[in-house]
Amino acid sequence: MAVDRDTQFLVYVTRKTTMQAGQIDMKGDIALILLGSNTSSGNNLPRSFVLNGRQQLLKALGIGADIFSGLYSSPAFPAGIGPDFVNAAMAIRTTLPPADLLAILHKIEAEAERTREVRWGPRTLDLDLIGVGDAVFPDIAVQSHWRNLPAKRQGVEAPTELILPHPRMQDRAFVLVPLAQVAPDWVHPVLGQSIVQMRDALPASDLAEIRPIGDKVGV
């Protein structure tokens, strides 16, 4: 028997948190967010930026529960552009329109002194909106255009509007490995594949580069 997404999310929450079911808002779509940092600032290490970013987002949205992955170390993309990243993923329930949610993510990044001087450059905090429910923004044709953009053009061209699902999510182990912890059964509305299926389709060498951090210090 098929299990609806509300039931799936409740299972994830009760498995991953100690909050009571009454504190969990089951309204709205599942939003998938990737958090990352590879720059220190003052006393804040990348790990601190990621964990603080999570708390700031929960506070801004006024919600008390999410599903949060473990922390992972992953090479900067493209190779050699900067230090390794600390990455994590979270899944939340929200009734906000995706554009409004993205605006909140950008505000939290700015408060963490995130700059956008170099594409894919080092950053204090990166909050990427990966997907929201079954939403395809702005439409399938535009999403497919950016998803199929040749690799040589990806470094010099970037969309000026919100694209959902994130056009590169299916290609990146540092996205799919933590997402598989928080929403393994979420299905890409264009590709028709789950997070786990997309992760398992990646080369083993890509997956091996994504390493759990555990209690490692200095990150």
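Conventions used here
- Residues numbered from 1 in each chain as written.
- Predicted model: local features only at pLDDT ≥ 70, side-chain atom pairs only at ≥ 80, totals over all residues.
- Heavy atoms only, no water.
- Helix = DSSP H or I, 4+ residues; strand = E, 2+ residues; numbered from the N terminus.
- Buried < 20%, exposed > 50% of the residue type's maximum accessible area, 1.4 Å probe, protein only.
- Contact = heavy atoms within 4.5 Å.
- Pairing = 2+ DSSP bridges.
- Core = buried A, V, L, I, M, F, W, Y, C linked by side-chain atoms within 4.5 Å.
- 1 Å grid on protein atoms, 1.4 Å probe; cavity = no way out; pocket = protein on both sides within 12 Å on 5 of 7 lines; lining within 4 Å.
- Points joined across faces, edges and corners; volume = space filled by probe spheres on them.
- Nonpolar A, V, L, I, M, F, W, Y, C, P; charged D, E, K, R; others polar.
- Salt bridge = Lys/Arg side-chain N within 4 Å of Asp/Glu carboxyl O.
- pLDDT = per-residue confidence, 0-100.
- Expected span 1.5 Å × (residues − 1).

Student: I'd like to hear about the overall build of the protein, residue by residue, with values.
Tutor: Counting secondary structure elements, the protein contains eight helices and six strands. Its helices and strands taken in sequence order, the protein reads α-β-α-β-β-β-α-β-α-α-α-α-α-β from the N to the C terminus. A burial count over the protein gives 46% of its 219 residues as buried. Sequence separation of 24 or more characterises 67% of the internal contacts of the protein that already satisfy a separation of 6 or more.

Student: Describe the pairing of strand 1 (residues 29-37), naming the residues involved and giving the relevant values.
Tutor: Across the nine residues that make up strand 1, a large majority, eight, are buried. Note that strand 1 and strand 4 (residues 85-94) share nine bridges and pair antiparallel. Paired with Leu35 across the two strands is Ala88, which belongs to strand 4. Inspection of the sheet shows strand 1 paired to strand 5 (residues 126-132) by six bridges, in the antiparallel sense. Bridge assignment links Leu35 to a residue of strand 5, and that residue is Leu127.

Student: Tell me about the nonpolar core, and name the residues and values.
Tutor: Judged by nonpolar contacts, the single largest core of 27 residues is most densely connected at Leu57, Met90, Ile92 and Leu129. Breaking this core down by element, the ones donating at least two residues are strand 1, helix 2 (46-61), strand 4, helix 3 (98-111) and strand 5. With five residues, helix 2 is the largest single contributor of residues to this core. Setting aside residues no more than four positions away along its own chain, Leu129 makes contact with Ala31, Leu32, Ile33, Pro98, Leu101, Leu102, Leu105, Leu162, Leu164 and His166. With 23 residues, the next largest nonpolar core counts Met169, Ala173, Val177 and Ala183 among its residues.

Student: Any chance you could break down the layout of surface pockets for me, citing the residues and the numbers?
Tutor: When its volume is computed, the second largest pocket comes out at roughly 250 Å³. Taken together, 14 residues make up the lining of the second largest pocket; nearest its centre are Phe77, Asp171, Arg172, Phe174 and Glu209. Each residue belonging to the lining of the second largest pocket can be placed in one class, and the counts come to seven nonpolar, two polar and five charged.

Student: Go over the pattern of salt bridges with me, naming the residues and quoting the values.
Tutor: Scanning the entire structure with this criterion turns up seven salt bridges. One salt bridge in this structure joins Glu111 and Lys107, with 2.6 Å as the shortest N-O distance. Pair noted here: Glu111 and Lys107 are both in helix 3, with a separation of four residues, about one helical turn. What makes Lys107 exposed here is its relative accessible area of 52%.

Student: Tell me what's going on with the environment of Ser205, and back it up with residues and numbers.
Tutor: On the secondary structure map, Ser205 appears in helix 8 (residues 204-208). Along the sequence, Ser205 and Ala173 sit 32 residues apart, while their C-alpha atoms lie 9.7 Å from each other.

Student: Could you give an account of the confidence of the model for the protein, with specific residues and numbers?
Tutor: Considering every residue of the protein, the mean pLDDT works out to 85; 81% of them sit at 70 or more. Here helix 1 (residues 5-16) stands out as the least confident element of the protein, with mean pLDDT 50; helix 7 (residues 195-200) is the most confident, with 98. Across residues 14-23, where pLDDT falls below 50, the model places seven contacts with residues more than four positions away in sequence or in other chains.

Student: So what's going on with helix 2? Residues and values would help.
Tutor: Relative to the 22 Å expected for 16 residues at 1.5 Å per residue, helix 2 spans 23 Å between its end C-alpha atoms, a close match to the ideal helical length. Every buried residue belonging to helix 2 is among Pro46, Arg47, Phe49, Val50, Gly53, Arg54, Leu57, Leu58 and Leu61, and all of these are buried. For helix 2, the secondary structure elements touched by its buried residues are strand 1, strand 2 (67-68), strand 4 and helix 3.

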